[in-house]
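Here's the letter readout for the chains.
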Amino acid sequence: EPEVTQTPSHQVTQMGQEVILRCVPISNHLYFYWYRQILGQKVEFLVSFYNNEISEKSEIFDDQFSVERPDGSNFTLKIRSTKLEDSAMYFCASLGLAGEPTTDTQYFGPGTRLTVL
Amino acid sequence: DQQVKQNSPSLSVQEGRISILNCDYTNSMFDYFLWYKKYPAEGPTFLISISSIKDKNEDGRFTVFLNKSAKHLSLHIVPSQPGDSAVYFCAASEGGAQKLVFGQGTRLTINP
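What counts and what doesn't
- By convention here, each chain's residues receive numbers from 1 onward along its written sequence.
- Just so you know, chain letters begin at A and ligand numbers begin at 1, following the order they were written in.
- Per-residue local features of the predicted model are confined to residues with pLDDT of at least 70, and side-chain atom pairs are confined, for both listing and counting, to 80 or more; whole-chain, interface and lining totals are unaffected and use all residues.
- Think of the side-chain values as coming from all heavy atoms in the structure, minus any hydrogens and water.
- A helix here means a DSSP run of H or I that spans at least four residues, while a strand means a run of E at least two residues long, and both kinds are numbered starting from the N terminus.
- Atoms counted for the radius of gyration: C-alpha only. Globule rule: 2.2 Å times the number of residues to the power 0.38.
- For every residue, the accessible area obtained with a 1.4 Å probe (protein chains only) is divided by the maximum for its type, and the residue is called buried under 20%, exposed over 50%, and partly exposed between those limits.
- Any two residues whose heavy atoms approach within 4.5 Å at even a single point are treated as in contact.
- Here the accessible surface of atoms and residues is derived via Shrake-Rupley with a 1.4 Å probe, and residues count as covered only by protein chains that are part of the display.
- By salt bridge we mean one thing: a side-chain nitrogen of Lys or Arg within 4 Å of a carboxyl oxygen of Asp or Glu.
- As used in this structure description, the phrase polar contact means that two N or O atoms lie within 3.5 Å; if the pair is within protein, one of them must be able to donate a hydrogen and the other to accept it, and residues adjacent in sequence are counted only when both atoms belong to side chains.
- Cysteine sulfur atoms are paired as a disulfide whenever they come within 2.5 Å of each other.
- We treat two strands as partners when DSSP finds at least two bridges between them.
- To obtain an axis, a line is fitted to C-alpha atoms, over the contacting stretch when the element is a helix, and the angle between two such axes runs from 0 to 180 degrees between their N-to-C directions.

Helix and strand counts for chain A stand at zero helices and 11 strands. When the helices and strands of chain A are read in sequence order from the N terminus, they spell out β-β-β-β-β-β-β-β-β-β-β. Rg of the C-alpha trace for chain A: 14 Å, near the compact-globule value of 13 Å for 117 residues, within the 12% margin. With the principal axes as the frame, chain A shows a C-alpha extent of 45 × 25 × 25 Å. Buried residues in chain A amount to 45% of all 117 residues. Restricting to contacts in chain A with at least 6 residues of sequence separation, those with at least 24 account for 55%. Of the roughly 5900 Å² of accessible surface on chain A, 47% is carried by carbon and sulfur atoms.

Here's what the structure looks like:
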């Protein structure tokens with residue numbers, strides 16, 4: 001069964017460093033998302049991406065964040081200068097094509113645990 | 001911003017019995033609702049969904065009920081099995097490819 005994959009599973013970085021989190025969405029999906037979950041809190045939306053551009057972003061997604069689909073398979077989230085409060089689980093999700101039985105269902109990857117020291 | 005609320009942080013149910021997880025929402029623009037199951041250190045796994053044009057959707061042991069007038073949905077699991085022990089998240093969207101808004105989650109424990 002197709003699945004969303006994410007690398008690395010765990011990333012440790014120093015405050016102020018840049019990190020890139022990688023995702024491979026389900027093949028042929030068109031919509032891509034990043035969410036995060038700070039320990040003990042709810043899963044919260046960061047950004048959605050369609051047709052090679054951001055379709056919506058939350059107030060969390062400030063100028064330190066960027067997303068890119070550098071090729072036909074990868075979808076990346078970059079944090080330019082990490083802060084302590086960026087420590088969280090980051091989840092990538094993708095959503096399928098119209099006509100599929102579960103068109104409106106987002107499928108999630110296993111997540112990347114980001115630890116900022 | 002508490003557009004989606006799961007008021008029970010935890011629920012304990014005996015194996016074989018029915019588990020009922022509840023979720024309330026405030027945004028009347030939501031028209032698609034989903035339940036995800038999550039194990040520690042894993043991503044949310046899709047369980048079942050319901051569109052606002054329906055009031056019930058069933059898939060095997062899982063049934064989701066939607067009460068639009070009360071802005072309430074529930075997930076019924078029957079019979080409950082030990083493997084159902086996990087955190088369950090309710091999520092809602094305004095449909096299509098819109099972002100998901102999640103509840104805080106309910107930790108379900110199935111006791112043998």
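Each partner contributes to the interface: chain A provides 18 residues, whereas chain B provides 23 residues. Between chain A and chain B we count one salt bridge in total. For the salt bridge of A:Glu56 with B:Lys99, the shortest nitrogen-to-oxygen distance reads 3.3 Å. Where chain A packs against chain B, one counts nine residue pairs in polar contact (both at pLDDT 80 or more). Mapped by element, the contributors of at least two residues to the side of chain A that touches chain B are strand E4 (31-37), strand E9 (88-95) and strand E10 (106-108) of chain A. For the side of chain A that touches chain B, the element with the most residues is E4(A), which contributes four residues.

As enumerated under the stated definition, the model contains two disulfides over all chains in all. A sulfur-sulfur separation of 1.9 Å characterises the disulfide bridge that pairs A:Cys23 with A:Cys92. Since a negative S-S torsion denotes a left-handed disulfide, the A:Cys23-A:Cys92 link at about -65 degrees is left-handed. Note that A:Cys23 is positioned in strand E3 (residues 19-24) and A:Cys92 in strand E9, a separation of 69 residues in sequence. Considered together, A:Cys23 and A:Cys92 belong to a single accessibility category, that of buried residues. Across the disulfide, B:Cys23 is cross-linked to B:Cys90 (sulfur-sulfur distance 2.0 Å). The chirality of the disulfide connecting B:Cys23 with B:Cys90 is left-handed, given an S-S dihedral of about -70 degrees. In this pair, B:Cys23 sits in strand E3 (residues 19-25) while B:Cys90 sits in strand E9 (residues 86-93), placing the two residues 67 residues apart along the sequence.

What follows concerns the sheet that holds strand E8 (residues 75-79) of chain A. Residue and element names in this part refer to chain A. One open sheet accounts for four strands, arranged E1-E3-E8-E7; its pairing is antiparallel. Where the open sheet ends on each side, the last strands, each with one partner, are strand E1 (5-7) and strand E7 (65-68). Pairs of neighbouring strands in the sheet enclose a mean axial angle of 20 degrees, with direction left out of account. By the bridge criterion, four bridges tie E7 to E8 in an arrangement that is antiparallel. Paired with Val67 across the strands is Leu77, a residue of E8.

In this section: the side chain of B:Ser52. All names here are of chain B. Of note, Ser52 is situated in the loop between strand E5 (45-51) and strand E6 (56-59). Of the residues examined, Ser52 reaches a relative accessible area of 15% and is grouped as buried. Excluding residues that lie within four positions of it along the chain, Ser52 makes contacts with Asp31, Phe33, Leu66 and Lys68.

Scope: geometric values only; no functional claims are made or implied.
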